Structures are given as C-alpha cells and as structure tokens.
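A look at the structure
Here is what each chain is made of, one letter per residue.
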Amino acid sequence: MNVRTRFAPSPTGYLHIGGARTALFSWLYARKMGGTFILRIEDTDRERSTQESVDAILQGMDWLGLGYDEGPFYQTHCFDRYKAIIQQLVDTGHAYRCYCSKEELEAMREGQMARKEKPRYDGRWRERQDETPPEGIQPVIRFRNPQDGAVEFDDLIRGKITVSNAELDDLIIARSDGTPTYNLTVVVDDIDMNITHVIRGDDHINNTPRQINIMRALGFEPPKFAHVPMILGSDGQRLSKRHGAVSVMQYRDDGYTPQALMNYLVRLGWSHGDQEIFSREEMVEFFSLESINRAPAAFNADKLLWLNQHYLKTLPVEELEAQLQWHLQTQALDTSNGPALADVINVQRDRAKTLVEMVAMSRYFYEDFSAYDETAVQKQFKADTAANLQVVHDELAALAEWKGEPIHAAIQAACEKLGLKLGKVGPPLRVAVTGGSSSPSLEITLELIGRERSLARIQQAVQFIRASAATG
RNA sequence: GACCCUAUCAUCUAGUGGCCUAGGAUAUCGCCCUUUCACGGCGAGUACCGGGGUUCGAAUCCCCGUAGGGUCGCCA
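Computed from a predicted model, the values in this text were never measured in an experiment.

Counting its regular elements, chain A contains 19 helices and twelve strands. Relative to a compact globule of 472 residues, whose C-alpha radius of gyration would be 23 Å, chain A shows 32 Å and is clearly more extended. Taking the principal axes of its C-alpha atoms as reference, chain A extends roughly 105 × 50 × 40 Å. Per-residue burial over chain A gives 49% buried out of 472 residues. In chain A, the share of contacts with a sequence separation of at least 24, taken over all contacts with a separation of at least 6, comes to 76%.

Listed below in structure tokens is the structure:
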C-alpha cells in the first residue's frame, strides 16, 4: 500500500508550534514509508482565511524543510465537487434540509444547557422533508447521522476509540449560502486524495466518528487515524501567546536554527530510547507512530535552547554562515570590513546560544565600539593599567607576524617584563580591544580583530584610562 | 453538565509482569578545567497520582476514585 499523508492547516494565522509538529509527524511518516506527503489548505471559511496566512504557513514549512510532494491544494477551488457530493447525499437520503434559524438554534442550545444536557441539534427537521418549508429562510443541509449503534476506530496512537451514535447529532454539511463545512470537505478531500493515514491534532478526535459516518454514507471505508496529543505551555495550560513565541517564524527571528526546532519538536511526545539528538535522516529512519506518547507534552524553552546551542556547536560552518546572513541584515552588521565570517563563527559557536546572540557578541570584530562596558571598566581599568597596557601594546607592535601563537608569546613577554601574571594583564586587555569582559581567548580575539584595529584600540584605552585618572 | 482522551523526577522521556533499591536528557546545585565569557568533564538531589484487586511477583494488567486536557458552532 502506498502511504499518503496530508497536512491540512486552515489559513487563519501563522504556522504555530503545534501545527509544525503535526506536520513534522505526518511528513516523517510519509518519508519513512516511502509514501507521499500532501499539503492541503483548508480555506472554506472565507471570512477568516487570508492570503497572508497562506504565505506564512508556506514560509514556515519551507524554513523547517518540510517539503510536500503534492499541493498545496486549496479547498476553495473544489466547491463544485463538494456541491455535487452534498447533492448526492441529499438524493440518497443521507442528508436533509433544515430550516432552523440561528436564533432558533441558539434558543435550543440555551434550553439544553439550562437543563444540563449536552447541547446538540434535536433533529427537528429530520423527518419533515415533505412539509412546505417556511418562507424566506435559506436552509442548511444536515447529515443524517445514524441513530443506532456506535462508531469504532482503531487509532494508531490511542488504540480503540468508541463513540455511540446517540452522542452524535446531525451536523451541518452545507451552510445556508450553499458553501460546504469542514467535516464535509475533509471527508471528500481525504477520499479524493486517497489519503491512507490521517495524522492530526487530537482536538479532532471528536470529529472522527462523524467523518467516518459521512465517509461510509458515501460508500468508502475510512483511512487510518493517528491523533497526536497537543502541546501545552510551560504551565501545563493550552499553548498561547503568553507562553512566549508560538509562531514558527518567531523562532527564526529569535536566532534558532530549524535543525534545533525540528529536533526539539520530534522529541516532544516521541522518543527512540534515550537518544536526544536526531539528524533528519535518523528521524526518518527511527520514526514510528506507535512510539508517539499518548499524553500531551509541555513546551520547555530551556531544552530547546540547549538543542540550539548543540546545533550551533556542531552544524557545518557553511550552514551557519548561510543562516547568519538574515540576522546580519536584520541587526545591520556589515562583515565585509573585517575577519572572515567563518573564522568568527568558529570561535563564537561555543559561547552563543542563539544566532542573534552570536551576531551581538561578534560586533567588535567588525565595528569600533563607542563605549566600554561600565562594570568592566570599574573592575579592570585601574590607575596603573594604562602603563601595563602600553607595555603590551609595544610588545605587540613589534610583532612581525600577526598570528595567534606570536600574539600569545608577546603577551607573555609583556607579563614577564611587568612581573605580572596573565590574570592581571589579560582582562584589562580584553576590555581594551572588545569593550567588554567576555570574548574568545585573547590571542585569537586579537588575531581576528587585526593588527591595526587592535593596536589602535589598546592605545585608545591607555588614553581613556589616563584621561579618567586626570579628571577622576 | 455530557461525551472523548490522558496520568513515571520541575520539564521531555526510557520502561510493555521479574534485568527497577526506576535509566537518560534539560534545568538546578556542587567540584574540576580555565586569561574572561562560554564549552567540556565529574558528581548530587528530585518521580511510578490515590485506593482496591489479579499474580509467587506489578511502574507495567483490571476496577474505582482523583487530577489534567479536549470536544460539544451555518470555525477548522
């Protein structure tokens, strides 16, 4: 059997973390089985669907590297097909017109709620198709749900789920303006697209029995279902904006690599023994629906950050260089006048947790800073520091070759001349050339900053300290 | 309220009746490394929701509670 899965978002917002994980699982299963992954845009709600949302979803999937084999298909392009199916259901007695007004339905619901009953359509038009309909009301079309028995399906993640038909009411499949609703379009598309495995969020569990009934009324057997548990916020509540970033693209903006986000998402609710790090190939190789956890999982930003750092440390430099471009632009850092970006990445990748951080902490390689970090100055720039730095400056200035090793030797030589330990000389030097108190090892930092800039900055620091001493 | 689903450290999880005095990871804390910031190394504490069964034996199977989540739209 050729496996066919689909991701079917409705374009009413950006691609969020939960949707991305569902898409990932669906994508992984298709890849794992050598099947086909289809993207379908469920835009039948014309009020809320927007082109911006479609673009945002496409952009998100692209950034994550979730390529689809077919689509994107748009449901709004299939209205004729839905219309024909709805007509077919009416003709075969599986659906009927209901002339209830919205007000009438609202009153019905309120009454049921007041009596503490499950709010549901009571089927009042189910057996009244021969009556002359009321004037001036455009009817909706409802599916005639079976009243006896139960619907049972074997969820690939949850196991057997049974719902009594008595729990299901006659749902609307066509609005009064004739447009189809979700539960109808899903069924028609899943049939038409030969979907074999419906992998989706478990908020759809309750829709599944209805969809199965419609499918059977149409003469088809339902596909396999796999309902993946949703993602909770760090407080165990439904994930929302107050938990921080929810949009996938926000993670790019915040300096995360797609590799880290994918790895985080795949391990959220799924596992393969004790393994934490998965390459894309490993994900595909080891993935299985059966090992997806049944319980919802809480989003943990700390672990994502750790994974991001891991990928910053291990990804090929070229890959990071490519990803960094966007951030360099956004943070307006011009790297053309300074050390090779790859060299800077190699020395900063161990100490940055995000790409945003990496850019921020690499600025001094390319630009002169306008001010020193205040606490660093207080701690490292003492009255006698100026003289010490001058000695270091002179040793460095005499260097024939501006490379890490000789630079290190020169600093050592300065220390000996001064009779000071490196711990006394290094930190102020670091502040002098970087403006702050943290950087890679001194010799590498100096090498990358370059001879002219380094010497000029040390000289500038000497003057700064003398000036402060004079005024202070 | 009704229905559906779920339940191992703070969090993600391993575990499918004996290998479990419950393993890994993140976070936290301590020590080591160290010219700063980091990385890294080593170590510590922390969990089977409760109660009944079944069994020689239960984190694992069953039942009942409890707690959490989801759904009850002319939204998807």
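Time to look at the protein's contact with RNA strand B. Neighbouring residues of RNA strand B: 63 residues in total, closest Arg158, Arg175, Gly269, Ser437 and Ser439. If you look at RNA strand B and keep only atoms within 4 Å of the protein, 70% of those are sugar or phosphate atoms. The side chain of arginine 351 places a nitrogen or oxygen atom 2.5 Å from a base nitrogen of RNA strand B. Taken together, the elements giving at least two residues each to the surface near RNA strand B come down to α4 (102-114), β7 (159-164), β12 (297-298), α10 (301-314), α17 (422-434) and α18 (442-449).

Whenever strands of a sheet pair, they do so through backbone hydrogen bonds, lying parallel or antiparallel. The strand order across the open sheet built from three strands is β4-β5-β8, with neighbouring strands paired in antiparallel fashion. Both edges of this open sheet fall to β4 (95-98) and β8 (172-174), since each of them pairs with a single strand only. Neighbouring strand axes in the sheet, compared pairwise and without regard to direction, differ in orientation by 45 degrees on average.

The next point concerns the state of the cysteines. Under the criterion given, the structure shown has zero disulfides. Summary of cysteine pairing: cysteine 100 is not part of a disulfide, and the nearest cysteine sulfur, belonging to cysteine 98, is at 3.6 Å. In this structure cysteine 100 comes out as buried when scored by relative accessible area, which is 9%.

Compared with the 20 Å implied by 1.5 Å per residue over 14 residues, the 20 Å span of helix α2 (residues 51-64) between its first and last C-alpha is a close match. Here α2 has its buried residues at Ser53, Val54, Ile57, Gly60, Met61, Trp63 and Leu64. One or two positions beyond α2, positive phi appears at glycine 65, with a value near 80 degrees.

Packing of helix α1 (residues 17-32) against helix α8 (residues 258-267) brings their axes to within 10 Å, and their N-to-C directions diverge by 80 degrees. Classed by the angle they form, the pair α1 and α8 counts as roughly perpendicular. Of the residues in α8, those in contact with Ile17, Ala20, Arg21, Leu24, Phe25 and Leu28 of α1 are Leu261, Met262, Leu265 and Val266. Here the contact of α1 with α8 is built from residues that sort into nine nonpolar, no polar and one charged.

We now examine the confidence of the model for chain A. The pLDDT averaged across chain A works out to 93; a share of 99% of its residues lies at or above 70. Model confidence for chain A, summarised as mean pLDDT per element, is weakest for α4 at 88 and strongest for strand β2 (residues 36-41) at 98. Scored by ipTM, the complex comes to 0.94, with pTM at 0.94.

Before going further, it helps to spend a moment on the environment of arginine 81. Tracing the backbone shows arginine 81 in helix α3 (residues 79-91). On the accessibility criterion, arginine 81 (39% relative accessible area) is partly exposed. In this structure the C-alpha to C-alpha distance between arginine 81 and glutamine 323, which are 242 residues apart in sequence, comes to 43 Å.

In this section: the packing of helix α15 (residues 385-397) against helix α16 (residues 404-418). Interhelical geometry of α15 versus α16 gives an angle of 140 degrees and a closest axis separation of 9 Å. In this view, α15 runs oblique relative to α16, as classed from their interaxial angle. Our pair here, α15 against α16, has a crossing hand that is right-handed. Where α15 approaches α16, its residues Asn388, Val391, Val392, Glu395 and Leu396 are matched on the opposing element by Ile407, Ala410, Ala413, Ala414, Lys417 and Leu418. For the contact of α15 with α16, the class distribution of residues is eight nonpolar, one polar and two charged.

Looking now at the pattern of salt bridges. Counted according to the given criterion, the structure contains 26 salt bridges. Glutamate 42 serves as the salt-bridge partner of arginine 40, at 2.9 Å between the closest nitrogen and oxygen. Salt-bridge contacts for aspartate 170 lead to arginine 126; the nearest nitrogen and oxygen are separated by 3.0 Å. One end of the pair, aspartate 170, is in the loop between β7 and β8; the other, arginine 126, is in the loop between α4 and β5 (140-143), with 44 residues separating them in the sequence. Look at arginine 126 and you get buried, because its relative accessible area is 10%. The structure contains a network of salt bridges with shared partners spanning Arg6, Arg40, Glu42, Asp189 and Asp190.

Once that is clear, we can look at the side chain of arginine 267. With respect to the helices and strands, arginine 267 occurs in helix α8. At a separation of 2.9 Å, a polar atom in the side chain of arginine 267 contacts the main-chain carbonyl oxygen of tryptophan 270. In contact with arginine 267, not counting residues within four places along its chain, are Gln275, Glu276, Phe278 and Lys303.

Moving on, we get to unusual backbone geometry. Backbone torsion omega between glycine 71 and proline 72 reads 0 degrees, so that peptide bond is classified as cis. Here proline 72 is to be found in strand β3 (residues 70-74). In this structure, lysine 116 is a non-glycine residue whose phi angle is positive, near 60 degrees. Within the secondary structure layout, lysine 116 lies in the loop between α4 and β5. Backbone geometry at asparagine 194 places phi at a positive 55 degrees, although glycine is not the residue there. With respect to the helices and strands, asparagine 194 occurs in the loop between α5 (182-192) and β9 (197-201).

Looking now at the environment of aspartate 55. Mapped onto the elements, aspartate 55 comes out in helix α2. Separated by 40 residues in sequence, aspartate 55 and leucine 15 place their C-alpha atoms 9.7 Å apart.

Calculation notes
- Residues numbered from 1 in each chain as written.
- Chains lettered and ligands numbered in written order.
- Predicted model: local features only at pLDDT ≥ 70, side-chain atom pairs only at ≥ 80, totals over all residues.
- Heavy atoms only, no water.
- Helix = DSSP H or I, 4+ residues; strand = E, 2+ residues; numbered from the N terminus.
- Rg over C-alpha atoms; globule rule 2.2 N^0.38 Å.
- Buried < 20%, exposed > 50% of the residue type's maximum accessible area, 1.4 Å probe, protein only.
- Contact = heavy atoms within 4.5 Å.
- Near = heavy atom within 4 Å.
- Polar contact = N/O pair within 3.5 Å; in protein donor to acceptor, adjacent residues only side chain to side chain.
- Pairing = 2+ DSSP bridges.
- Axes fitted to C-alpha atoms, helices over the stretch in contact; angles between N-to-C directions.
- Disulfide = S-S within 2.5 Å.
- Expected span 1.5 Å × (residues − 1).
- Parallel < 35°, antiparallel > 145°, perpendicular 65-115°, else oblique.
- Nonpolar A, V, L, I, M, F, W, Y, C, P; charged D, E, K, R; others polar.
- pLDDT = per-residue confidence, 0-100.
- Left-handed = near helix turned anticlockwise from the far one by under 90°.
- Salt bridge = Lys/Arg side-chain N within 4 Å of Asp/Glu carboxyl O.

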